[in-house]
Amino acid sequence: MEKVNINTEYITLGQMLKITDIISSGGMAKWFLSEHEINVNGEPDNRRGRKLYSNDKIEVIGFGEYQIFQAD
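Below, the structure is looked at part by part. (Residues numbered from 1 in each chain as written. Predicted model: local features only at pLDDT ≥ 70, side-chain atom pairs only at ≥ 80, totals over all residues. Heavy atoms only, no water.)

1. Things to note about the packing of aromatic side chains
Throughout the structure, instances matching the rule amount to three aromatic pairs. Between Tyr-10 and Tyr-53 the ring centres are 5.6 Å apart and the planes differ by 55°, which places this aromatic pair in the tilted class. With Tyr-10 in strand 2 (residues 10-12) and Tyr-53 in strand 5 (residues 51-53), this residue pair connects regions lying 43 residues apart in the sequence. Pairing Phe-32 with Phe-63 gives two aromatic rings, centres 5.3 Å apart and planes at 65°, and the pair type is edge-to-face. Of this pair, Phe-32 sits in helix 2 (residues 29-35) while Phe-63 sits in the loop between strand 6 (57-60) and strand 7 (64-70), and the two are 31 residues apart along the sequence. Given the relative accessible area of 3%, Phe-32 is considered buried. Among the aromatic residues, ring-to-ring pairing joins Trp-31, Phe-32 and Phe-63 into one connected group. If you follow Lys-3 out to its NZ or CZ, it ends over the ring of Phe-69, 5.1 Å from the centre. (Phe/Tyr/Trp six-rings, centres within 6.5 Å; stacked < 30°, edge-to-face > 60°. Helix = DSSP H or I, 4+ residues; strand = E, 2+ residues; numbered from the N terminus. Buried < 20%, exposed > 50% of the residue type's maximum accessible area, 1.4 Å probe, protein only. Lys NZ or Arg CZ within 6 Å of the ring centre and 35° of its normal.)

This is the structure in structure tokens:
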């Protein structure tokens, strides 16, 4: 599981996809989410604005698993 460190209270699912280099630009998020299966904390979710907080676990099928961590 890959760690994703954030400096804010939360990031959106679309931002997480860009930070992890799954997509190359924020504009690709809507398309990517409509074409790929993503689970947030074990439940399917495809909202690019979904807020991800520290300790949330994201599984992008075919790409990997990620966990959000609050940077100190």
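2. As for the environment of Ile-19
By secondary structure assignment, the location of Ile-19 is in helix 1 (residues 13-19). In this structure Ile-19 touches Val-4 and Ile-11, once residues within four positions along its chain are discounted. (Contact = heavy atoms within 4.5 Å.)

3. Considerations on the side chain of Asp-56
Within the secondary structure, Asp-56 sits in the loop between strand 5 and strand 6. No salt bridge is formed by the buried Asp-56. Its closest oppositely charged neighbour is Arg-50, at 5.0 Å. At 3.0 Å, the side chain of Asp-56 forms a polar contact with the side chain of Asn-41. Excluding residues within four positions of it along the chain, Asp-56 makes contact with Asn-41, Lys-51, Tyr-66, Gln-67 and Ile-68. (Lys, Arg positive; Asp, Glu negative; His and termini not counted. Salt bridge = Lys/Arg side-chain N within 4 Å of Asp/Glu carboxyl O. Polar contact = N/O pair within 3.5 Å; in protein donor to acceptor, adjacent residues only side chain to side chain.)

4. Concerning the nonpolar core
Core analysis: the biggest nonpolar cluster contains 18 residues, and Met-16, Leu-17, Ile-38, Leu-52, Ile-58, Val-60 and Ile-68 have the highest contact counts within it. Residue assignment for this core shows that the elements contributing at least two residues are strand 1 (2-6), helix 1, helix 2, strand 3 (38-40), strand 6 and strand 7. Setting aside residues no more than four positions away along its own chain, Ile-58 makes contact with Leu-13, Met-16, Ile-38, Asn-39, Val-40, Leu-52, Gly-64, Glu-65, Tyr-66 and Ile-68. (Core = buried A, V, L, I, M, F, W, Y, C linked by side-chain atoms within 4.5 Å.)

5. So, the sheet that holds strand 7
Spatial strand order, 1-7-6-3-4: five strands in an open sheet with mixed pairing. Of all strands in the sheet, those bounded by a partner on one side alone are strand 1 and strand 4 (43-44). In the sheet, strand 3 pairs with strand 4 via two bridges, with the strands oriented antiparallel. Paired with Val-40 across the strands is Glu-43, a residue of strand 4. (Pairing = 2+ DSSP bridges.)

No statement about biological role is implied by the geometric values presented.
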